[in-house]
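Structural overview
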Amino acid sequence: MATKTDTKTSKTGAMSTAEAGRLGGQKVLRERGPKFYSQIGAQQGKDNNPGNFANRPKDEVREAAAEGGRNSRKKTSAETKK
């Protein structure tokens, strides 16, 4: 059942956001099969993004943050010419 927030323009016959999502999910299931959903579900919760600070050692994150702080306080060449 579509709620008031789900529908974009139901008076014109356009589909709701929920309906569009449901149809998209069904299409992916038809094209890729249930194994695809098993594979992406298995990836959830794994630390497979080394660019994410949450997946790095704390000392490495602390050093990167300190370097960012130091760089943010440096004057740029445009600021030194004033």
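Structure: above.
First, a word on scope: everything that follows refers to the structure included in this document.

About the thresholds
- Residues numbered from 1 in each chain as written.
- Predicted model: local features only at pLDDT ≥ 70, side-chain atom pairs only at ≥ 80, totals over all residues.
- Heavy atoms only, no water.
- Axes fitted to C-alpha atoms, helices over the stretch in contact; angles between N-to-C directions.
- Helix = DSSP H or I, 4+ residues; strand = E, 2+ residues; numbered from the N terminus.
- Parallel < 35°, antiparallel > 145°, perpendicular 65-115°, else oblique.
- Contact = heavy atoms within 4.5 Å.
- Nonpolar A, V, L, I, M, F, W, Y, C, P; charged D, E, K, R; others polar.
- Buried < 20%, exposed > 50% of the residue type's maximum accessible area, 1.4 Å probe, protein only.
- Polar contact = N/O pair within 3.5 Å; in protein donor to acceptor, adjacent residues only side chain to side chain.

Turning next to the packing of helix α1 (residues 17-32) against helix α2 (residues 34-43). Close contact between α1 and α2 brings their axes to 6 Å; oriented N to C, the two are set at 105°. Considering their axes alone, α1 and α2 lie roughly perpendicular with respect to each other. Contact with α1, carried on its side by G25, V28, L29 and R32, involves P34, F36 and Y37 of α2 and no other residues of that element. Residue composition of the contact of α1 with α2, grouped by class: five nonpolar, one polar and one charged.

Here we take up the side chain of S16. Counting through the fold element by element, S16 comes out in the segment before α1. Given the relative accessible area of 12%, S16 is considered buried. Within the structure, S16 has its side chain in polar contact with the backbone nitrogen of E19 (distance 3.1 Å).

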